Amino acid sequence: MTNKKWKKAVLEKLAETGSLGRESAEYIRKYKARIYFKKYSKSTGARWFLFHQISLNTRYYSTNTDLNNPKLLSLLVHEVHHLKQGVLTALSVYGELDAWQVEYRFHKEISPAKLHSALEEILILPLNWDRDNLRRAAKLMQDYAGKGYRINWLPLYPIHKEITYWVKRKKPA
């Protein structure tokens, strides 16, 4: 299947998976987001890039991947969520926690089986500005994805809020 045909088919499938899937498919269509395949480390399922681009890891996905694969569909929702967040939020532990929670709640909607224990714990963490909470989230993400997942390279807060925290020693409101 060509990439163009595959993209059309995967967006149709995503749109059939409920409101969040439909919203994500509409976002990809509206912004003409490019979806392509590239090989990454084992700890990466997909990546987002500036200018509305999503890259899926060829270790796990191709145009031959079953379109009913809940991990594929939930990863697309995750990456679209990052694109919506904007670069400052997406490149933070806070942004990752938000996107992981969106991804795995969606995953459980379309495939209700119990997830890995680290993912189940991520789903119950509050999405807030508590630094210990964000550190816990980062540890759980790395426990699940492996040491190659470089969450430790990201600031806990979006960088503008991180700088404000270090200057004023005050959590974001």
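Just so it is clear, the structure is predicted and the values come from calculations on it, not from any experiment. (Residues numbered from 1 in each chain as written. Predicted model: local features only at pLDDT ≥ 70, side-chain atom pairs only at ≥ 80, totals over all residues. Heavy atoms only, no water.)

1. Observations regarding the pairing of strand β3 (residues 53-57)
Alright, step 1. For β3, the tally of buried residues reaches five of five residues, placing the bulk of the element in the interior.
Alright, step 2. Burial along β3 is two-sided: Gln-53, Ser-55 and Asn-57 facing one way and Ile-54 and Leu-56 facing the other are all buried.
Alright, step 3. Of the pairings in the sheet, the one linking strand β2 (residues 46-49) to β3 comprises four bridges and is antiparallel in character. Within the sheet, the bridge partner assigned to Trp-48 lies in β3 and is Ile-54.
Alright, step 4. Count of turn residues in the β2/β3 antiparallel hairpin: three residues, of which Phe-51 carries a positive phi of about 65°. (Buried < 20%, exposed > 50% of the residue type's maximum accessible area, 1.4 Å probe, protein only. Helix = DSSP H or I, 4+ residues; strand = E, 2+ residues; numbered from the N terminus. Pairing = 2+ DSSP bridges.)

2. Looking at the sheet that holds strand β1 (residues 34-38)
Alright, step 1. The sheet built from three strands is open, its strands ordered β1-β3-β2 with mixed pairing. The two strands at the open ends of the sheet, each matched to only one other strand, are β1 and β2. Each neighbouring strand pair of the sheet contributes to a mean axis angle of 25°, computed without reference to strand direction.
Alright, step 2. In terms of strand pairing, β1 meets β3 through five bridges, oriented parallel. Bridge assignment links Lys-38 to a residue of β3, and that residue is Asn-57. (Axes fitted to C-alpha atoms, helices over the stretch in contact; angles between N-to-C directions.)

3. Regarding the environment of Ala-137
Alright, step 1. Note that Ala-137 resides in helix α7 (residues 131-145).
Alright, step 2. We classify Ala-137 as buried; its relative accessible area is 0%.
Alright, step 3. Discounting chain neighbours no more than four positions away, the residues touching Ala-137 are Leu-97, Ile-122 and Leu-125. (Contact = heavy atoms within 4.5 Å.)

4. Observations regarding the layout of surface pockets
Alright, step 1. Of the volumes computed, that of the largest pocket is approximately 720 Å³.
Alright, step 2. Taken together, 30 residues form the lining of the largest pocket, with Thr-44, Ala-46, Arg-47, Glu-96 and Tyr-149 sitting closest to its centre.
Alright, step 3. Mapped onto the lining of the largest pocket, the elements with two or more residues apiece are β2, α3 (70-85), α5 (93-110) and α7.
Alright, step 4. When residues of the lining of the largest pocket are assigned to their parent elements, the largest contribution, five residues, is made by α3. (1 Å grid on protein atoms, 1.4 Å probe; cavity = no way out; pocket = protein on both sides within 12 Å on 5 of 7 lines; lining within 4 Å. Points joined across faces, edges and corners; volume = space filled by probe spheres on them.)

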